[in-house]
Each structure stands twice: as structure tokens, then as C-alpha cells.
Amino acid sequence: MVWIKPKTYKNPVFPYQRFVDQDAPTPVRHQVVIFGSGPAGLTAALDLAGRNIPSVILTQNRTVSVGNRAICFAKKTLETMNRVELGDKMRPHGLVIWGQRRQ
Ligand SMILES: Cc1cc2nc3c(=O)[nH]c(=O)nc-3n(C[C@H](O)[C@H](O)[C@H](O)COP(=O)(O)OP(=O)(O)OC[C@H]3O[C@@H](n4cnc5c(N)ncnc54)[C@H](O)[C@@H]3O)c2cc1C
């Protein structure tokens with residue numbers, strides 16, 4: 001069993017930055033544009049990068065997740081994370097749940 005020592009985490013707030021495309025003389029086209037930098041968007045970008053497909057992420061978020069939203073990882077999630085080579089890094093930080101809730 002792993003005990004996590006509680007600590008206060010201060011979310012970084014990243015300043016707004018203009019993207020170079022915004023100042024381009026003509027509209028710039030990208031093969032893939034991903035909206036949202038949550039786990040789905042970032043994983044999609046990593047997965048595409050692993051296939052040599054560049055992507056651009058547009059997000060309205062200026063910080064990382066507020067509060068913990070990933071204590072337990074489902075098997076499917078870990079399979080996906082393994083595919084983008086993050087499973088081994090995530091596993092030690094997750095909680096293992098033995099058994100399941102009965103309906
Ligand atoms: C309290 C809590 C605990 C949780 N615990 C777990 C857990 O233990 N294990 C687990 O697997 N899951 C957990 N979850 C669920 C998990 O956090 C979500 O399934 C996951 O965050 C969904 O990822 P997502 O990328 O689809 O969406 P989100 O994480 O919501 O990311 C979407 C992103 O898109 C951005 N966005 C939205 N609209 C736009 C727009 N129009 N233009 C640009 N950007 C936009 C948002 O700002 C956000 O950054 C928990 C959720 C909560 C709330």
C-alpha cells in the first residue's frame with residue numbers, strides 16, 4: 001500500500017501567448033487540429049506524433065487540472081497510456097482497487 005502525503009499544490013497559470021500562425025500573412029492549414037488539452041487531446045497528439053503525424057492543440061485552459069481527477073486508472077486507459085509510452089510512469093502513482101462494487 002502506498003500512502004500519499006497530503007500537500008498543497010499551487011496550479012501554475014501560464015500566460016497567454018500568440019501562436020505564430022495568428023500573425024501569418026495567409027491562413028495556415030494543419031493536417032490535424034485538436035481542441036482541448038485534457039487527457040483525450042494530449043493523448044491523441046502523442047499518438048499521432050508516434051505515427052509521424054504533426055498536430056496543433058488549441059485549448060482554452062491556462063493551467064493544468066484543478067484538483068486530482070485521476071486517482072484510479074481503468075484497464076483500457078492504461079492500455080492507451082502504454083501505447084503512448086506513459087503507462088509505466090502513471091502506474092506507480094495510481095491506487096490499486098481490489099474487487100468491485102456489486103450492483
Ligand atoms: C473529481 C474528478 C475525479 C476524477 N477521477 C478520475 C480517476 O480517478 N480516474 C479516471 O480515469 N478519471 C477520473 N476522472 C475523469 C477524468 O478526469 C476525465 O474522464 C478526463 O479528464 C476527460 O478527459 P478529456 O480530455 O475528455 O476532457 P477534459 O479533461 O475535460 O479536457 C477538455 C479540455 O478542453 C478544453 N476545452 C473545452 N472546450 C474548449 C474549446 N471550445 N476550445 C478549446 N479548448 C476547450 C478544456 O478547457 C479542457 O482543458 C475524474 C473527474 C473528476 C471531475
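Heads up: these notes are all about the structure in this document. (Residues numbered from 1 in each chain as written. Predicted model: local features only at pLDDT ≥ 70, side-chain atom pairs only at ≥ 80, totals over all residues. Heavy atoms only, no water.)

**Considerations on the environment of Ser55**
Secondary-structure assignment places Ser55 in the loop between helix H1 (39–50) and strand S2 (56–58). Exposure remark for Ser55: the relative accessible area of 25% places this residue in the partly exposed category. For the pair Ser55 and Ala44, spaced 11 residues apart in sequence, the C-alpha separation works out to 9.0 Å. Residues within four places of Ser55 in sequence aside, it is in contact with Val32, Ile34, Ala45 and Leu48. (Helix = DSSP H or I, 4+ residues; strand = E, 2+ residues; numbered from the N terminus. Buried < 20%, exposed > 50% of the residue type's maximum accessible area, 1.4 Å probe, protein only. Contact = heavy atoms within 4.5 Å.)

**A word on a nonpolar patch on the surface**
There is a patch of nonpolar side chains on the surface, built from Tyr9, Phe14 and Val64 and spanning about 320 Å² of accessible area. If you trace the backbone, Phe14 turns up in the segment before strand S1 (33–35). In this structure Phe14 comes out as partly exposed when scored by relative accessible area, which is 45%. (Patch = residues over 30% accessible without salt bridge, like charges linked within 9 Å, V, L, I, M, F, W, Y side chains within 5 Å. Areas by Shrake-Rupley, 256 points an atom, 1.4 Å probe, with all protein chains shown as cover. Salt bridge = Lys/Arg side-chain N within 4 Å of Asp/Glu carboxyl O.)

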